[in-house]
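# Structure at a glance
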Amino acid sequence: MAKEEWSIADFEIGKFIGEGKFGKVYLAREKQVLFRSGYVVALKVIFKAKLEKYRSHSHLRREIEIQHNLNHSNVLRLFAWFHDETRVFLVLEYAARGELYKVLKSLHHFSEKRTATVRNYVASLAGALAYCHGKHVIHRDIKPENLLLDIEVHISLFNYLIVEGRLKIADFGWAVQSNSKRNTMCGTIDYLAPEMVEKKEHDHAVDNWTLGILCYEFLYGVPPFEAEDEYVTFRRIMKVDLKFPSEPHISAEAKDLISKLLVKDSSKRLSLHKILMHPWIVQNADPSGSCFE
Ligand code: AMP
C-alpha cells in the first residue's frame, strides 16, 4: 500500500464489522490500487472527539508508529493511515474470522481437537512475540480480544478448499518500543504480570507471563487467577496461586509449560524460543503458525 496520501475516496465501504471504544470498523475495498486491484481491508474509523475526551492522542500515535513498522505473518498489518477534520482512519489487514476468543469458545470444551488448536496458537504467539521483542517492542496487553484470526482459501490439485485460520496479534495501543525497563501499570487485570501489579519496573518478560495466562485460559476456559474481587485477583497473581483442575485431556506437558511461564521472577520465565522447543508444543504444532481445522 505504497501511496503518499490516502483519503476516504480511495475506498468502497462495505459491511460494518464492529465497534470499539474510539470508533467503528468496516470492511472496505481499495478502489484504485497501485499494486493489487480491489484489495480488501478493515478500515478502522476513530473519532477525534473521542480521542480528545479520553486524552488518547499519544496512545494512538504510538500505536500507529509501532504497528506500521511490524511485518510478521502473525501480527496484524497496519498498511496505512490518514485523517480528515473529525476522524482518523487506519487501513488494517482484514482478519475475516474475527476474535480468536469467540472461535475457541465455540469449539467443544476440553476436546483433543481444542488442545491441538491451542498448541498451534501458543506456538504462533510465541513466534510473533519473539519477532516483536527482537524489535524491542513489548505488547503489554496480550488478551483474547486482541487476537484475531484470518481466513485463507487454497485450491488444491483436486479443487478442494482448505480454510486456514492464522492468528494475528492486534491492538498495539499499550505497546512500547524501548530497550530500557518500564514502570507504567497497563493491560487487563487478569493478564497482568506480578511486576506490573506491584508497579515495579518491567520488560519484555511481561508478554511471556501473559502467554502462560492465555494458554491456561484457552485450555481451562477461565484465566488462572480469576476472582470475584479485583483485590483477590491481585493477591493471587502476587502469590502465583496456580491451580490445575483435573481435566483428562490436559496433559502434564501442557501444565509444565504453563508453570514455566507463570513464574514470579521474570528473569526465570521460559524464553519464547524455548517455548517453541517445549515438548508440549513440538509434538504437533505447525511452525508456520497456521492452523488447519
Ligand atoms: P476495536 O475497535 O479494535 O475494539 O474493534 C471493534 C471490533 O472490530 C471488534 O469486534 C474487533 O474484533 C473487530 N475488528 C477490529 N479490527 C479488525 C480487523 N482488522 N479484522 C477483522 N475484525 C476486526
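Cut-off values and rules
- Residues numbered from 1 in each chain as written.
- Predicted model: local features only at pLDDT ≥ 70, side-chain atom pairs only at ≥ 80, totals over all residues.
- Heavy atoms only, no water.
- UniProt positions renumbered as here; feature names shortened; annotations may be inferred.
- Near = heavy atom within 4 Å.
- Polar contact = N/O pair within 3.5 Å; in protein donor to acceptor, adjacent residues only side chain to side chain.
- Areas by Shrake-Rupley, 256 points an atom, 1.4 Å probe, with all protein chains shown as cover.
- Nonpolar A, V, L, I, M, F, W, Y, C, P; charged D, E, K, R; others polar.
- Helix = DSSP H or I, 4+ residues; strand = E, 2+ residues; numbered from the N terminus.
- Buried < 20%, exposed > 50% of the residue type's maximum accessible area, 1.4 Å probe, protein only.
- Pairing = 2+ DSSP bridges.
- Contact = heavy atoms within 4.5 Å.
- Salt bridge = Lys/Arg side-chain N within 4 Å of Asp/Glu carboxyl O.

As annotated in an unreviewed UniProt entry, the protein chain carries the name Aurora kinase and comes from Zingiber officinale. Its UniProt record gives the protein chain a comment under Sequence similarities (unreviewed entry), which states: "Belongs to the protein kinase superfamily. Ser/Thr protein kinase family. Aurora subfamily."

Attention now goes to the site of the ligand. Taken together, 13 residues lie around the ligand, and Gly20, Lys44, Glu93, Ala95 and Glu99 are the ones closest in. Here an oxygen atom of the ligand and a side-chain polar atom of Lys44 are 2.8 Å apart. One nitrogen or oxygen atom from the side chain of Glu99 is found 3.1 Å from an oxygen atom belonging to the ligand. Contact with the protein chains hides 82% of the accessible area of the ligand, taken as 480 Å² for the molecule alone. Residues of the shell around the ligand, tallied by class, amount to seven nonpolar, two polar and four charged.

What UniProt calls "active site" (unreviewed entry) maps, in this numbering, to Asp141. Relative to the helices and strands, Asp141 resides in the loop between strand S7 (137-138) and strand S8 (147-149). Asp141 gets classed as buried once you look at its relative accessible area, which sits at 7%.

Spatial strand order, S6-S8-S11: three strands in an open sheet with antiparallel pairing. The open sheet has two free edges, formed respectively by strand S6 (98-99) and strand S11 (167-169), since each of these has just one partner strand.

This part is about the pairing of strand S3 (residues 40-47). Two elements, strand S2 (residues 23-30) and S3, share seven bridges in a ladder whose sense is antiparallel. If you follow Gly23 over to S3, its bridge partner there is Ile46. Where S3 lies against strand S5 (residues 87-93), seven bridges are found, and the strand directions are antiparallel. Looking at the pairing, Ile46 lines up with Val88 of S5.

For His139, the location among the structural elements is in the loop between S7 and S8. A polar contact is formed between the side chain of His139 and the backbone oxygen of Ala170, at a distance of 3.1 Å. From its side chain, His139 meets the backbone oxygen of Asp171 in a polar contact 2.8 Å long. Setting aside residues up to four positions removed in sequence, His139 forms contacts with Leu129, Asn146, Ile169, Ala170, Asp171, Phe172, Trp174, Ala175 and Asp207.

Turning our attention to the pattern of salt bridges. Opposite charge on two side chains makes pairing possible when the charged atoms of those side chains draw close. Tallying each qualifying case throughout the model produces twelve salt bridges. For Asp256, the salt bridge goes to Lys260, with nearest N and O atoms at 2.9 Å. Linking Asp256 with Lys260, this pair stays in helix H8 (residues 252-261), spanning four residues, or about one helical turn. Residue class for Asp256 comes out partly exposed when judged on its relative accessible area of 29%. Linked through salt bridges whose partners overlap, the residues forming this network are Glu93, Asp150 and Lys168.

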